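Next come the chains, spelled out residue by residue.
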Amino acid sequence: MSFLAVEKSLTGRRWVGPSPEVERATEMLVQQADLPRAVCQVLARRGVPPMEAAGFLEPKLKELLPDPRSLKDMEVAATRFLTAVCERQRIAVFADYDVDGGSSAALLLVWLRQMGLQATLYVPDRIDEGYGPNVPAMRELAAAHDLIICVDCGTLSHEPIAAAKGADVIVLDHHLGAETLPDCVAVVNPNRQDESGDLGYLCAAGVVFLMLVEAGRQMRKAGATGPDLVSLLDLVALATVADVAPLIEANRALVRQGLKVMAGRQRPGLVALSDVARMDSAPNSYHLGFLLGPRVNAGGRIGQADLGARLLSTDSTSEAEALAQRLDALNTERRDIENAVRAAALQQAEDRGLDVPLVWAAGEDWHPGVVGIVASRLKEAANRPAIVIGFDGDEGKGSGRSVSGVDLGASIQRLATEGLLIKGGGHKMAAGLTVMRDQLEPAMARLSELLEKQGAGQGGPADVRLDGALMPGAATVELIEQIEKAGPFGASAPAPRYALPDLQVRFAKRVGETHLKLSLSDGMGGGLDAIAFGAFDGPLGERLSNHGGARFHFAGRLEVNTWGGRQNVQLRLEDAAEAN
């Protein structure tokens, strides 16, 4: 049965409330765990029994952090890394150009600097070089270095790593591996085919952090001490959230502790970036994913690829401020480029039809730096895996995003082995590819076939899953603070979503091009503000701004909005339905 009898909302979706099982589990938690009901609702949805509630709410890293040596090649990787440190060898860090790559590189650069070593940073240009190690770059780095560490890349880079003659190579990665691995000192990757997959939820920065934990263990055994690893957890938290890694098991503890470190404002790059993003409250996972992450990514998307890693690793306040300003400007430019590509891609995909296993679009000179973001938008619009490709001549570079339960990376990798792609790979929820123009249609047809076998395309618009209903008077800062104790929230751990039933729109104002600011009232003195991002990209904007006095049910997530030192509750509006 639908929640509040909403079978078809303004965005065409059904509203679904908590299952009877979750309701019963909530009552049991309320009675046995002595916690606020709002917290119990979150715990019940996550399947946390009463006896484990206290431990879940206070995740301890020392209890949840896996043994680094449970990953293959970890011990040998840390040993070779420490040899380079002890012998003052020349070290290069080859990093991907996204937040995970930049954070991973920064972890190593900062750690090495504290040990008195300056490593070389190399981040390939997205357009000129593409993702991952390439033969010319690896050959050049090998000529001037003793050790090359590839972070957030390298698992499929057999030929480029073979070209690194005269230097040892370590790969610290999390992308899906092939049947064979590059010939190098170590490939530490929880998603190698010969791994159990138990730690497959880690992002690359999580893998790098585990390598530093193992290095610290080996140093202590030898009677030495290394840098404080807890102080580096802000970088791990940023990467984990921005790379949309599931916030489960150790990731929960890494992000929770990392947010505490970040709140101390000790890293110049993150302080400067927080300030240009106008963050005026303690950091949370939303800030990492939607304010800081996109700005760090902006350099790799449309600017200079190494800007993010340099910002995160610098110990200079002035350099951090200059880099943060540059990344903020690039992020604004990125948004403009993205909006143009998104409009064209969505129109093309709609013309082709959204009720299919795979939604895709391809266009001339679409910037490679924004195709991944646009693919995310298509995925959200259709609740289907999505691919967006930009062509430059006869070669197209694309990016894809998937939905829960459909492994896009494995299917893309299969297309590459079948010869339909020049190259391709990734992980379950995201992948990249390069395709020739004459293979585009056959490749997309084959990919659609593979994804359909996994169940893609069988559902309509995703249901709006709600944790319960609230009246405006119950939406307090205290309630949100209680809910935050069950966080951090993000991938695989969504923040609770509530319905606020039978409210009037007291005030509606368009903000920017696509957003809508609202003031809602229950007609009895209670009310709250709401913000609907991207409302005018769909039907919400027009209907709610031309409400004609109608009453609506509203659905979304609660957040604390800080302005001028004052706090008030705001609804981040995701959907609405006519209140009959």
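Residues numbered from 1 in each chain as written. Predicted model: local features only at pLDDT ≥ 70, side-chain atom pairs only at ≥ 80, totals over all residues. Heavy atoms only, no water.

**Considering the overall build of the protein chain**
Next up, step 1: What the protein chain contains, in helices and strands, is 20 helices and 18 strands.
Next up, step 2: Taken over the C-alpha trace, the protein chain has a radius of gyration of 24 Å; the compact-globule value for 580 residues is 25 Å, and the two agree within 12%.
Next up, step 3: Based on the C-alpha atoms only, the size of the protein chain along its principal axes is roughly 75 × 60 × 45 Å.
Next up, step 4: Counting the 580 residues in the protein chain, one finds 55% classified as buried.
Next up, step 5: Partitioning the contacts of the protein chain with sequence separation of at least 6, the portion at a separation of at least 24 is 64%.
Next up, step 6: The averaged location of the 74 negative side-chain charges in the protein chain is 3 Å from the averaged location of its 59 positive side-chain charges. (Helix = DSSP H or I, 4+ residues; strand = E, 2+ residues; numbered from the N terminus. Rg over C-alpha atoms; globule rule 2.2 N^0.38 Å. Buried < 20%, exposed > 50% of the residue type's maximum accessible area, 1.4 Å probe, protein only. Contact = heavy atoms within 4.5 Å. Lys, Arg positive; Asp, Glu negative; His and termini not counted. Charge placed at Lys NZ, Arg CZ, Asp CG, Glu CD.)

**Considerations on unusual backbone geometry**
Among all residues except glycine, the phi angle is most often negative; among peptide bonds, the trans geometry is most common.
Next up, step 1: Between G487 and P488 the backbone carries a cis peptide bond, its omega angle lying at 5°.
Next up, step 2: Residue placement: P488 occurs in the loop between α19 (477–484) and β14 (498–511).
Next up, step 3: With phi around 55°, D34 is a residue other than glycine that occupies positive phi space.
Next up, step 4: Structurally, D34 can be placed in the loop between α1 (20–33) and α2 (37–45).
Next up, step 5: For R88, which is not glycine, the phi torsion reads 50° and is therefore positive.
Next up, step 6: Summarising the element assignment, R88 is placed in the loop between α5 (74–86) and β2 (91–95).

**Here we look at the environment of Q482**
Next up, step 1: If you trace the backbone, Q482 turns up in helix α19.
Next up, step 2: Sequence separation between Q482 and F290 is 192 residues; the distance between their C-alpha atoms is 22 Å.
Next up, step 3: Not counting residues within four places of it along the chain, the set of residues in contact with Q482 comprises P36 and V39.

**Let's talk about the packing of aromatic side chains**
Where two aromatic rings form a pair, the distance of their centres and the angle of their planes describe that pair.
Next up, step 1: All told, the structure shown has four aromatic pairs when counted by the stated rule.
Next up, step 2: For the pair F81 and W111, a centre-to-centre distance of 5.1 Å together with 45° between the ring planes defines the contact as tilted. With a gap of 30 residues between them, F81 in helix α5 and W111 in helix α6 (residues 99–114) connect regions that are remote in the sequence.
Next up, step 3: On the basis of an interplanar angle of 55° and a centroid distance of 5.9 Å, the ring pair of F552 and F554 is categorised as tilted. Here the two residues F552 and F554 agree in accessibility, since each one is buried.
Next up, step 4: When the ring centre of W360 is taken as origin, the NZ or CZ atom of R352, which lies over that ring, is 3.6 Å away. (Phe/Tyr/Trp six-rings, centres within 6.5 Å; stacked < 30°, edge-to-face > 60°. Lys NZ or Arg CZ within 6 Å of the ring centre and 35° of its normal.)

**Some points on the side chain of D306**
Next up, step 1: Position of D306 among the secondary structure elements: in the loop between α13 (285–302) and α14 (307–313).
Next up, step 2: Here D306 falls in the buried class, since its relative accessible area comes to 18%.
Next up, step 3: The contact partners of D306, leaving out residues within four places of it in the chain, are L121 and V123.

**Regarding the sheet that holds strand β10 (residues 423–426)**
Hydrogen bonding along the main chain pairs the strands of a sheet, whether they run parallel or antiparallel.
Next up, step 1: Strand order in the open sheet made by the five strands is β7-β8-β9-β11-β10, with mixed pairing throughout. Strands with a single pairing partner mark the edges of an open sheet, and in this sheet they are β7 (359–364) and β10. Strand-to-strand twist in this sheet, taken as the mean axis angle between neighbours without regard to direction, amounts to 15°.
Next up, step 2: Two strands pair when backbone bridges link them, and β7 and strand β8 (residues 386–392) are joined in this way by six bridges, in the parallel orientation. (Pairing = 2+ DSSP bridges. Axes fitted to C-alpha atoms, helices over the stretch in contact; angles between N-to-C directions.)

**Concerning α1**
Along an α-helix, residues three or four apart share an orientation, since each turn contains 3.6 residues.
Next up, step 1: In this model, α1 (14 residues) spans 19 Å end to end at C-alpha, consistent with the 20 Å of a helix rising 1.5 Å per residue.
Next up, step 2: Positive backbone phi, at 55°, marks D34, one or two positions downstream of α1. (Expected span 1.5 Å × (residues − 1).)

**Focus: the state of the cysteines**
Next up, step 1: Applying the stated rule across the entire model yields zero disulfides.
Next up, step 2: Take C153: it sits in no disulfide, and the sulfur closest to it among the cysteines is that of C150, at 5.1 Å.
Next up, step 3: The class of C153 is buried, set by a relative accessible area of 0%.
Next up, step 4: C150 supplies the cysteine sulfur nearest to C184, a cysteine that is in no disulfide, at a spacing of 7.7 Å. (Disulfide = S-S within 2.5 Å.)

**Re empty space enclosed by the protein**
Next up, step 1: If you walk through the whole model with that rule in mind, you get one cavity of 30 Å³ or more.
Next up, step 2: In this model, the largest cavity occupies a volume close to 60 Å³.
Next up, step 3: Lining the largest cavity are 14 residues, with Y97, D98, A305, G308 and A309 positioned closest to its centre.
Next up, step 4: Elements with a minimum of two residues in the lining of the largest cavity: α6, α13 and α14. (1 Å grid on protein atoms, 1.4 Å probe; cavity = no way out; pocket = protein on both sides within 12 Å on 5 of 7 lines; lining within 4 Å. Points joined across faces, edges and corners; volume = space filled by probe spheres on them.)

**Side note on the layout of surface pockets**
Next up, step 1: One number sums up the size of the second largest pocket: a volume of about 340 Å³.
Next up, step 2: Surrounding the second largest pocket, 22 residues form its lining, D234, R265, Q266, R267 and P268 being those nearest its centre.
Next up, step 3: Those elements that provide at least two residues to the lining of the second largest pocket are α6, α11 (249–263) and α12 (268–276).
Next up, step 4: Broken down by element, the lining of the second largest pocket gets its largest block of residues, four residues, from α12.
Next up, step 5: For the lining of the second largest pocket, the per-class residue count stands at ten nonpolar, seven polar and five charged. (Nonpolar A, V, L, I, M, F, W, Y, C, P; charged D, E, K, R; others polar.)

**Concerning the packing of helix α10 (residues 233–242) against α11**
Next up, step 1: Between α10 and α11, the least distance of the axes is 7 Å, while the angle of their chain directions is 125°. As far as their axial angle goes, α11 and α10 are oblique. Between α10 and α11 the crossing geometry is left-handed. Across the interface between the two elements, L233, D234, V236, A237, T240 and V241 from α10 touch N251, L254, V255, Q257, G258, L259, V261 and M262 from α11.
Next up, step 2: Classifying every residue of the contact of α10 with α11 gives nine nonpolar, four polar and one charged. (Parallel < 35°, antiparallel > 145°, perpendicular 65-115°, else oblique. Left-handed = near helix turned anticlockwise from the far one by under 90°.)

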